[in-house]
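A closer look at the structure
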Amino acid sequence: MIIKSLKLENYRRFEQLDIDLPETVIGIIGRNGSGKSTLVEAISWALYGNRFVRTDKNDIRSQHVDTSKDCSAEMIFEYGGAEYRIIRKLKGKNAISESAVYRTGIDEPQAVQDRGVNAFIEQLLKLDYRSFTASVFAKQKELAKLASLQPEQRRQTINRLINIDQIDRARDQVRRDRNDKQSTLKGMQSGLKDMVDLKQRLKLLKTEKSKTDENLSEQNKAVGRVNHAHKTAQQEYDSAAELREKFQNVTSRIESAQQRIKDQTQFLKTNQDELANIKKAEEDLAPLQTRIEPLPGLLKKKETLDADYKRYNDLQIKREKQTHLKDLVKQDQVELERLNPELETQENLLTRKQKLNRDKQQLETELAQWREKVKQAHADLKTAEFRGKELSNKLDEIRKLGPDSPCPVCTQKLGNHFEEVTQDHEKQLKQLRQDYKTAKQTETAAQSGESDCQQKLDETRRQLEGLSVDLSRIEQAKQQAGDINKRLASNQTLLQQLQRIIQAKDIDYDAELHEEINTECTELQRIQQTVIQLQERVKRKPVLEEQITQNRKTIRDLETRLSELESERKALDYDEERFQQKKRRVDELAAERDKAIETLNDLKEKSAVLASRIENTEQDIQEQKQRLKEIDVLREDISYLNALDEHFGRFRLHLAGRVRPFIAARASELIKLTTLSRYTTLELDEDYTIRLFDGNIPHLLERFSGGEQDLTNLCLRIAISQVVAERSGGAPINFIILDEIFGSQDTERRELILNALSYLSSQFRQILIITHIDSIQDMLPAIFQVSADDHQTSSVRVLA
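This report concerns the structure included in the present document. Quantities reported herein were computed from a predicted structural model and do not represent experimental measurements.

**A look at the overall build of the protein**
Scanning the protein from terminus to terminus reveals 15 helices and 15 strands. Its C-alpha atoms give the protein a radius of gyration of 61 Å, clearly above 28 Å, the size a compact globule of 800 residues would have. With the C-alpha coordinates aligned to their principal axes, the bounding extent of the protein is approximately 160 × 125 × 55 Å. Here the contacts in the protein between residues at least 6 apart in sequence split such that 76% fall between residues at least 24 apart. About 48700 Å² of surface is accessible on the protein, with carbon and sulfur atoms providing 48% of the total. The centroid of the 132 positive side-chain charges in the protein is displaced by 2 Å from the centroid of its 136 negative side-chain charges.

In structure tokens:
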């Protein structure tokens, strides 16, 4: 696989990018954060989509562009003798994904949409996204992590890179399936029933059901007989009940007539008593009418005296109100005399408050200035302290390592410059100590000034708070005085008006005469009411006489009808005892019938229960037969899974035993090339612990320098990539990406690594090296320089 070109639009930091990638070693250089890793990430995103990005897909689009702009990556690559063009886009505000892959020379796409394109790429390359990462990407952080892991963790990590862990997952699944089936088998065996017992139970149930069915037939006949007897008795009872209903109807009518005669007799007596009372009322009415003749004249005198009383009472109320208003005016005048001295101090307090506010503003300005001085002095102090510790640590490290220590600036060995560098560091330390002392003195003086200013400001604020309380109290007194003045003016006006009204009125009112007239009118009005009631009673006399005549006639008619009904009842010849005998006979036969039906239903229910138990027993027998067959199948499946577990274990040991020496051999070739045969052999044990041979003696990696350890880990990682790519089953993956692999290597070692990589051109026709070390530019045949144009965008420039 070879990457031919890459085109990006609004992808993270790259607004527009269109580059061609040659078949050689390509350096992607630039400062940290400029977008080097973003460039190679875009290759992975084009192939495998969102599974390779390090953030949510909504963050892939460049942050400085509008959401209406598309984010896209278009890559052309060669694989297996054919050329392909793959396109991925994120469109619109919701970042809707669109994908397609084309083969050169064919207009129709080979696959579309994320799922289809992802499946096509995995099938084409014979690598899923994890295997692709293992075979193509090698990072400095990953190399260091691999060496620092515990043996078991390192073995698991490398097994995951070379996909042996997939065998472990498959074996675990086989074991889970086997355990599940064993649990199922145990449960099924525990639920098995005795077949002999089931068959014996079935035989007994069928015998019992046969006897029950015979009893059921006999009981059906018995129910028929009792039903017939009950039907005959019911007919006789119905006839008797009809006669009883007629007898009760006539009896009810007789009782109704008797009650009406009684009611009419009572009405007659009531009306006769009321007529006697009316005659007595006629005798009492005449003298009472003569007694109430003076009433109209007395009512006119009462009306005049009521008006005089109302005017007299109103005048008394006004005099009481006059007295109350005089008291209120006097109270308000006294309160005003009390408030006037307090109001006169307001102006002096306002002048003092203005002066304190000016003092407060000046003190707040001074306090802010002191605090800024404290802050600046503290920052200078911390800067001197930090730089002093850093410089002191560097000086201790330089003295500890001597002339072989690396230069803090260029990282080369100090050599003859050791003394010069040491003296320069000591001079800088001396100056930093002086700076620290000066900053400490400045900070102490500023803190003292800040404290004094804060105390003065606090005192001024306390005085202002006290003045505010006094002014608030005076303001309340001022408002209170205004309210009193308004109320005083209003009350004085009302007082004058009442005075004029009281002086203008003179009322002549006789209270004793008023009381005498009221008493006489009340008595005559009571007699008048009695007269009205007697007149109303006398008016009813003709009506009552007519009602009495009608009462007597109604009584005679009812007595005639009563005699007729009694004759009709006697003619019915009804006997209650005969009726009760027929009723008891029907009830007895009904009870006998119900009991027979209940027995019949019990037999039916028993027969149904026995039929259900027979059916359930037959079903249990069939289920037991089926369960025995399923148990045989489970036993056979468990046997197969045990065999599969054993085969997976053997295959894994076989595969790991073959792959590990193969990786070690490839890594040894790379070690030999990169060290100019200084080291020629690398060995891996079962936990992938590395032993590097120095001559004929193997040593653990900790024995060697940091640069040699990094170089060995790099060679091992590239070897793993070769093995993963070759075992994929597809065409060769002819490119690899190396991310920041020169961190601990000197210039000579870097050149050896690059020469070794060039020897791998048969395996890796295209090698992308990501680094921030500018000095390797002259060692590489192709350079892509990534630069940050601003804090949001980057660009790529081809240097060679």
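**Looking at the nonpolar core**
By size, the foremost hydrophobic cluster in this structure holds 91 residues, and its most contacted members are Met-1, Leu-39, Phe-77, Phe-132 and Leu-738. For this core, the element with the highest residue contribution is helix α14 (residues 706-727), accounting for 9 residues.

**Observations regarding helix α12 (residues 541-572)**
With 32 residues, α12 should reach 46 Å at 1.5 Å per residue; the first-to-last C-alpha distance of 48 Å fits that figure. Tucked into the core, α12 has its buried residues touching α7 (195-291). With its phi angle positive at about 55 degrees, Asp-573 sits one or two positions after the end of α12.

**Structural notes on the pattern of salt bridges**
Enumeration according to the criterion identifies 43 salt bridges in this entry. Across the salt bridge formed by Arg-540 and Glu-274, the nearest N and O atoms sit 2.9 Å from each other. Of this pair, Arg-540 sits in the loop between α11 (511-539) and α12 while Glu-274 is found in helix α7, placing the two residues 266 residues apart along the sequence. Of the residues examined, Glu-274 reaches a relative accessible area of 24% and is grouped as partly exposed. Among the charged side chains, a network of salt bridges with common partners joins Lys-4, Glu-23, Glu-78 and Arg-765.

**A closer look at the packing of aromatic side chains**
The tally for this structure, following the rule as stated, stands at 6 aromatic pairs. An aromatic cluster is present here, built from Phe-77, Tyr-84 and Phe-120 joined pairwise through their rings. The ring of Trp-370 is capped by Lys-373, whose NZ or CZ atom sits 4.6 Å from the centre of that ring. Directly above the aromatic system of Phe-704 lies the positively charged group of Arg-703, at a separation of 5.2 Å from the ring centroid.

**Considering the sheet that holds strand β9 (residues 682-684)**
Working definition: the strands of a sheet are paired by backbone hydrogen bonds and lie parallel or antiparallel to each other. Reading across the sheet, the 3 strands line up as β9-β10-β11 and stay open at both edges, with antiparallel pairing between neighbours. Of all strands in the sheet, those with a lone pairing partner are β9 and β11 (697-700), marking the two edges. Neighbouring strand axes in the sheet, compared pairwise and without regard to direction, differ in orientation by 35 degrees on average.

**So, the pairing of strand β13 (residues 766-771)**
Extensive coverage of β13 is indicated by the burial of 6 of its 6 residues. Burial of the side chains of β13 extends over both faces: Gln-766, Leu-768 and Ile-770 are buried on one face and Ile-767, Ile-769 and Thr-771 on the other. Where strand β3 (residues 25-29) and β13 come together, 5 bridges link them in parallel fashion. Across the sheet, Ile-26 pairs through a bridge with Leu-768, a residue of β13. Where strand β12 (residues 735-739) meets β13, 5 bridges bridge the pair, whose relative direction is parallel.

**Thoughts on unusual backbone geometry**
One non-glycine residue, Asn-10, adopts positive backbone phi at about 55 degrees. Here Asn-10 shows up in strand β1 (residues 2-11). Among the residues examined, Asn-10 registers a relative accessible area of 5% and is labelled buried. We note that Arg-12 has phi near 50 degrees; this positive angle belongs to a residue other than glycine. Locating Arg-12 in the fold gives a position in the loop between β1 and β2 (14-20).

**Details of the side chain of Ser-99**
Relative to the helices and strands, Ser-99 resides in strand β6 (residues 96-103). Within polar-contact distance, the side chain of Ser-99 engages the side chain of Asp-114 at 2.5 Å. In contact with Ser-99, other than residues within four places in its own chain, are Ile-87, Arg-88, Ala-111, Val-112, Gln-113, Asp-114 and Val-117.

**Some words on the environment of His-514**
Tracing the sequence through the fold places His-514 in helix α11. Between the C-alpha atoms of His-514 and Lys-302, which are 212 residues apart in sequence, the distance is 7.0 Å. Excluding residues that lie within four positions of it along the chain, His-514 makes contacts with Leu-305, Asp-306, Tyr-309 and Tyr-509.

**Points about α7**
One turn of the α-helix equals 3.6 residues, which is why residues spaced by three or four share an orientation. Its 97 residues give α7 an end-to-end C-alpha distance of only 122 Å, which falls more than 12% under 144 Å, the value for a rise of 1.5 Å per residue. Remark: the principal bend of α7, roughly 35 degrees, maps to Leu-285, with a proline, Pro-287, within the next four residues. For α7, the N-terminal cap is Asp-194; the gap from its side-chain oxygen to the backbone nitrogen of Val-196 is 3.1 Å.

**Digging into the environment of Glu-740**
For Glu-740, the location among the structural elements is in the loop between β12 and α15 (747-759). With relative accessibility at 18%, the residue Glu-740 sits in the buried group. Counting along the chain gives 31 residues from Glu-740 to Thr-771, while the straight-line C-alpha distance between them is 4.8 Å.

**Remarks on the sheet that holds β1**
Here we have 6 strands laid out as an open sheet, ordered β2-β1-β4-β5-β6-β7, and antiparallel in their pairing. Of all strands in the sheet, those with a lone pairing partner are β2 and β7 (111-112), marking the two edges. Bridge analysis of β1 against strand β4 (residues 71-79) gives 7 bridges, and the strand direction is antiparallel. The partner of Leu-8 across the bridge, within β4, is Ala-73. Contacts from helix α1 (residues 36-48) reach β1, β2, β4 and β5 (82-91) within the one sheet, and its direction differs from that of β1 by about 100 degrees. Seen against the sheet, helix α2 (residues 113-125) touches β4, β5, β6 and β7 and runs at an angle of roughly 40 degrees to β6.

**A few points about the pairing of strand β10 (residues 690-694)**
Two faces, one strand: in a regular strand the side chains alternate between the faces of the sheet. Taking burial as the measure, the 5 residues of β10 include 4 buried ones, the bulk of the element. Between β9 and β10, which pair antiparallel and follow one another directly, the connecting turn spans 5 residues, one of which, Tyr-688, has a positive phi of 60 degrees. Hairpin geometry of β10 and β11 is characterised by an intervening segment of 2 residues between the two adjacent antiparallel strands and by a positive phi of about 75 degrees at Gly-695.

**Thoughts on the packing of α7 against α11**
Look at α7 against α11: their axes get within 9 Å of each other, and the N-to-C directions meet at 145 degrees. Crossing of α7 against α11: the hand is left-handed. Counting all contacts with α7, which are made through Ile-278, Ala-281, Glu-282, Asp-284, Leu-285, Leu-288, Gln-289 and Arg-291, the residues of α11 involved are Glu-520, Leu-524, Ile-527, Thr-530, Val-531, Leu-534, Gln-535, Arg-537 and Val-538. In terms of residue class, the contact of α7 with α11 is built from 9 nonpolar, 3 polar and 5 charged.

**Examining the side chain of Thr-793**
Structurally, Thr-793 can be placed in the loop between β14 (782-788) and β15 (794-798). The contact partners of Thr-793, leaving out residues within four places of it in the chain, are Arg-13, Glu-15, His-64 and Ala-788.

Reading the values: the criteria
- Residues numbered from 1 in each chain as written.
- Predicted model: local features only at pLDDT ≥ 70, side-chain atom pairs only at ≥ 80, totals over all residues.
- Heavy atoms only, no water.
- Helix = DSSP H or I, 4+ residues; strand = E, 2+ residues; numbered from the N terminus.
- Rg over C-alpha atoms; globule rule 2.2 N^0.38 Å.
- Contact = heavy atoms within 4.5 Å.
- Areas by Shrake-Rupley, 256 points an atom, 1.4 Å probe, with all protein chains shown as cover.
- Lys, Arg positive; Asp, Glu negative; His and termini not counted.
- Charge placed at Lys NZ, Arg CZ, Asp CG, Glu CD.
- Core = buried A, V, L, I, M, F, W, Y, C linked by side-chain atoms within 4.5 Å.
- Buried < 20%, exposed > 50% of the residue type's maximum accessible area, 1.4 Å probe, protein only.
- Expected span 1.5 Å × (residues − 1).
- Salt bridge = Lys/Arg side-chain N within 4 Å of Asp/Glu carboxyl O.
- Phe/Tyr/Trp six-rings, centres within 6.5 Å; stacked < 30°, edge-to-face > 60°.
- Lys NZ or Arg CZ within 6 Å of the ring centre and 35° of its normal.
- Pairing = 2+ DSSP bridges.
- Axes fitted to C-alpha atoms, helices over the stretch in contact; angles between N-to-C directions.
- Polar contact = N/O pair within 3.5 Å; in protein donor to acceptor, adjacent residues only side chain to side chain.
- Bend = angle between axes of the 7 residues up to and from the residue.
- Left-handed = near helix turned anticlockwise from the far one by under 90°.
- Nonpolar A, V, L, I, M, F, W, Y, C, P; charged D, E, K, R; others polar.

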